[in-house]
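# An overview of the molecular structure
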Amino acid sequence: MTTPGTEFPKTYDPAAVEPRLYAAWEQRGYFHETPDPARPPFIICMPPPNVTGPAHIGHGSTYTPMDALVRYHRMLGENADWIPGLDHAAIATEAVVLRELAKEGLTRAQLGRERYLERAWDWTRRYGGRIVDQFRALGFGPDWQRERFTLDPGLSAAACKVFVQLYRDGLIYRGKRLVNWDPKARTTISDAEVEHVERDAYLWRVRYPFVDAAQESDGIVVATTRPETILGDVAIAVHPDDDRYRRFVGRFVLVPPLLDRQIPIIADPGVEREFGTGAVKVTPAHDALDYEIGLRHGLSMPSILDLDARITGKEMAVGPYEGLDRFEARRQLLADLRARGLLAGEQAYRHAVATSERTGEIIEPLLSEQWFVRMQPLAEPALAAYRDGRLRFVPERYGRTYERWLENIRDWNISRQVWWGHQLPVWYTPSGEIVVAETEEEAAALALQRHGATTIVRDPDTLDTWFSSGLWPFSILGWPERTAELAHWYPSQVLVTGGEIIFLWVARMVMLGLYTMGRIPFGEVFVTPLVFDAQGRKMSKSSGNAIDPMELVERYGADAFRMGVVRQMRLEAQEVRFQESRCEEARNFNNKIWNATRYILSLPEGVPNALRLPATGDLLLADRWILTRLHDTIDEVASLLNHYDFGNAAEALLRFVWYEFCDWYVEATKFPGDTRSAVLSFVWNNAMRLLHPIAPFITEEVWLALPHDGASIMTAAWPDPHEVPVDRAACSTFEALRVAVERLRNVRAELRLAPKARVRLIVAQRLPAELAGLLELYVGGKVVRVDAPGQALPQMLATVRLEASPEFMRARYEKDLERLRTEVERGRKKLANEAFIARAAPEVVAAQREKLAQYESELDVVTAAYAKLEKDGE
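Reference entry: report on the structure contained in this document. (Residues numbered from 1 in each chain as written. Predicted model: local features only at pLDDT ≥ 70, side-chain atom pairs only at ≥ 80, totals over all residues. Heavy atoms only, no water.)

In this section: the nonpolar core. Among the nonpolar cores identified, the biggest contains 161 residues, and F661, W684 and L775 are the most heavily contacted of them. Broken down by element, this core gets its largest block of residues, 15 residues, from helix α21 (residues 646-668). Not counting residues within four places of it along the chain, the set of residues in contact with F661 comprises I600, I626, F656, V666, L680, V683 and W684. One finds I43, V162, M375 and L463 within the second-largest nonpolar core, a separate group that totals 62 residues. (Core = buried A, V, L, I, M, F, W, Y, C linked by side-chain atoms within 4.5 Å. Buried < 20%, exposed > 50% of the residue type's maximum accessible area, 1.4 Å probe, protein only. Helix = DSSP H or I, 4+ residues; strand = E, 2+ residues; numbered from the N terminus. Contact = heavy atoms within 4.5 Å.)

This brings us to the pairing of strand β14 (residues 364-373). Most of β14 is tucked away, with 9 of its 10 residues classed as buried. In terms of strand pairing, strand β5 (residues 172-182) meets β14 through 10 bridges, oriented antiparallel. For W181, the partnering residue across the bridge sits in β14 and is E364. (Pairing = 2+ DSSP bridges.)

The subject of this paragraph is the sheet that holds strand β9 (residues 235-238). What the 4 strands build is an open sheet, ordered β10-β11-β9-β12; its pairing is mixed. Each edge of the open sheet carries a strand with a single partner, namely β10 (252-254) and β12 (279-282). Geometrically, the sheet is characterised by an average inter-axis angle of 30 degrees between neighbouring strands, direction not taken into account. (Axes fitted to C-alpha atoms, helices over the stretch in contact; angles between N-to-C directions.)

Across the 9 residues of helix α18 (residues 558-566), 9 count as buried, placing the element largely inside the fold. Those residues of α18 lying buried are A558, D559, A560, F561, R562, M563, G564, V565 and V566.

Where helix α11 (residues 397-407) contacts helix α16 (residues 502-517), the axes come no closer than 11 Å and their chain directions differ by 75 degrees. If you check the angle between α11 and α16, you find them roughly perpendicular. Where α11 approaches α16, its residues Y398, T401, Y402, W405 and L406 are matched on the opposing element by I502, F503, A507, R508, V510 and M511. Of the residues assigned to the contact of α11 with α16, the class counts are 9 nonpolar, 1 polar and 1 charged. (Parallel < 35°, antiparallel > 145°, perpendicular 65-115°, else oblique. Nonpolar A, V, L, I, M, F, W, Y, C, P; charged D, E, K, R; others polar.)

In this section: the pattern of salt bridges. Taken as a whole, this structure holds 64 salt bridges when the rule is applied. Ionic pairing is found between D67 and R562, a salt bridge with its closest N-O pair at 2.7 Å. With D67 in helix α2 (residues 57-75) and R562 in helix α18, this residue pair connects regions lying 495 residues apart in the sequence. Summarising the burial analysis for this pair, D67 and R562 share the class buried. If you follow the salt bridges from partner to partner, you end up with R629, D632, E660, R728, E735 and R738 in one network. (Salt bridge = Lys/Arg side-chain N within 4 Å of Asp/Glu carboxyl O.)

A few words on the sheet that holds strand β22 (residues 492-498). Reading across from one edge, β15-β23-β22 is the order of the 3 strands in this open sheet, with parallel pairing throughout. Each edge of the open sheet carries a strand with a single partner, namely β15 (392-394) and β22. When strand polarity is set aside, the average angle formed by the axes of neighbouring strands in this sheet is 20 degrees. Note: β22 against strand β23 (residues 522-528), 6 bridges, orientation parallel. Note on β23: the bridge partner recorded for G498 is T528. Of the strands in this sheet, β15, β22 and β23 are in contact with α16, which crosses β22 at around 165 degrees.

Between helix α7 (residues 153-168) and α16, whose axes approach to 12 Å, the crossing angle comes to 80 degrees. For the element pair α7 / α16, the angle class is roughly perpendicular. Touching V162, Q165 and L166 of α7 are L512, Y515 and T516, all from α16. Looking at the contact of α7 with α16 residue by residue, the class counts come to 4 nonpolar, 2 polar and no charged.

A word on unusual backbone geometry. For the peptide bond that leads from V394 to P395, omega is -5 degrees, which places it in the cis range. In this fold, P395 is placed in the loop between β15 and α11. Here the residue pair Y490 and P491 is connected by a cis peptide bond, since its omega of 0 degrees sits within 30 degrees of zero. For P491, the position within the fold is in the loop between α15 (484-489) and β22. Not every positive phi belongs to a glycine, and A89 is a case in point at roughly 50 degrees. Positionally, A89 belongs in the loop between β3 (85-86) and α3 (90-103). By relative accessible area, which is 1% here, A89 ends up buried. Look at A309: it is not a glycine, yet its phi comes out positive at around 65 degrees. Examined against the element boundaries, A309 turns out to sit in the loop between α8 (288-297) and α9 (326-340).

Turning to the environment of V679, a few remarks are in order. As for its placement among the helices and strands, V679 is situated in helix α22 (residues 676-691). Through-space distance from the C-alpha of V679 to that of A622 is 9.9 Å; in sequence the pair is 57 residues apart. What V679 contacts, discounting residues up to four positions off in sequence, is L613, P614, L619, D623, I626, L627 and Y665.

This next bit is on the packing of aromatic side chains. Applying the stated criterion to the full structure yields 39 aromatic pairs. Summarising the aromatic geometry, the rings of F210 and F248 are spaced 5.1 Å apart at their centres and angled 50 degrees between planes, so their arrangement reads as tilted. Taken together, the residues F210 in the loop between β7 (194-209) and β8 (219-224) and F248 in the loop between β9 and β10 connect sequence positions 38 residues apart. An identical accessibility class is assigned to F210 and F248; each is buried. (Phe/Tyr/Trp six-rings, centres within 6.5 Å; stacked < 30°, edge-to-face > 60°.)

Next up on the list: the side chain of D816. Note that D816 resides in helix α27 (residues 806-831). Look at D816 and you get buried, because its relative accessible area is 12%. Each residue touching D816, except ones within four places of it in the same chain, is listed here: R752 and V862.

Next up, the structure:
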């Protein structure tokens, strides 16, 4: 690390700086905290990323704000800690391990549960968790000493304990219900894990002949997108108010194409008259609406699809379709319907298809014996917490999303048919009685006591991953043990997460936190925007538009990636259309910081103590301005961070550091004065502390190169605006000077003056010498004073004029006159050409006349200016 007096590198190399600094921070324990009741807590529980997954661009918009908040609150002196962990990702991990077994010609069943779990743990230890190292490279600084894994013994015990409590309180039950079945993962998934994807398909119209019809053409026609499920039909339903079908209610039809079963036509208000033909087939075991109709009418519910999504005749005769894959059965059944003349039509149809968020497989609704959580009693306190203000969402619109979901909540299927996960704490006696207990020993004792059973068998299913994740805010603090962390750090202050898991995770944490702890797990939920590509498309490998954040870190550095991401975030925006150019701009910003630091360290008088300012009376105008701007920037950035407005915080920092400090104040320090090194050092030290939460590496490297207190910027205090002097009048004057300078620079540009060309700056006689000197410094020229009686200071600056030398202006005017006369002559000649006028379109002729008029006007202006110059020179 650079210390005062040593050579400061010419260029900033993030690849050399960032790993070195991170290793030092971690080695010195800067990320670690212990509960301290003397200080207010600021705790963030990291949303545990999947153990199987790498870092992706979305982690930039979600995890960078978490890191920035904890760094900021640590600098405020709070008991700040960011608690990390990994999720065991049951379905994703199981899929990976099963693929590895398949390469060896093995299946899960062949290996057995115990050996299979050994393989899963082995894979997790060897290959899982690479995201942790990537988080380090991104500069994320959670308390790694507290890292947890959702399958840790403590967290597993917590999951079992909550399950048992819920069961004994009557909030967990086992029942046969319609569930979402993922045939690829061979497990159920919750409603919140179902993704509805728009796809092109067909809507087929199928005729069901009446039983008593004279010919098969007599019957009722229904529309369906899933003709393979016809094999499980138990009724045809129509709306009771539909005049087209009212007379058919009570009649029977034959199920095509086999025509070997009779089913009734029933009336039900759940039928949508506008869909298809207005008559629908009812297959209660394979459709959610049909299931509800089946319950209302007491219909049988035979399943005709097995767990591999193949046709099965176990509960209903399915004829020649037995054993066929669902889509092969669809093709065969359609061919048979067509051959029998029972296919009344087909049309292209685009609709939302339910797919598994995890595997992308089309979901099959199946009737299955599963374990459920009774959600209504849990949802009511969670709704009350939001409505009475204990729970707040930022942006607020996500609170309404949370509220609507809880108002319409359904029971939660929590059992999964995978082996990697928390095995249900459920055992069965030989006669089928259920025993729920935290341990096998307790289960055995209960089985003997209650049922006289001496042997028990454990349920092979595991808990939905989101069940253990729902306990995360208190289980990672040691619950059910009474730990100091639990006493001082629960509830945490804010949850930072993506909007796509409000149902999957946020609502469940609130419900389970209230149920288990009696308090909400966090007071605020900051929902970060989704990240899309520059065209607004979802990023994916298959689309070829996925961005690897690690490649951006390699290209620009972690600080530049972080600044580039958060600068694109806006509080009310629902998405970020990611532009890599922002990372490039952030890298340029870092280079600007580096060069400004080199300038400060190169001053011949050296750099004094960073926290000592000259006496107020000795401060120059530029000093007073930059200190006032520093004061206001401290207030502004703190307010923006407190309100989670990271994008505007980044903009405020960039504006102050780059445009105000580097572009204006550093230039002003070239004006003679004795205060420059002290003010430069003071402001730069504070600026680095302001920027540190977003750009931790370069700020640490620069801060260590300046005189400083303490071993690291991580342990430094957040800048105190009360320690920064404010002079509003001086600030206003300097801002007027900036406006004047920008106006005069524009004049220079319009005159196309070379950067080093000296000009005359015509100023009022009474303009203070300091302002006159700054004008000369910023604009490049020589001040010439003239009488301007009665002008106030702002007027003096607003009326400053810039004049180039008569020789320069004469040459410029003569060159412009030659050019403009040529253009006018060319234009007049063209418009005098009758052939052009006759042949060209009217709009082309009009454009030519307009162009000539513009040249003639410019020629008049330059001619008059040239004449005045010649007259003044006489």
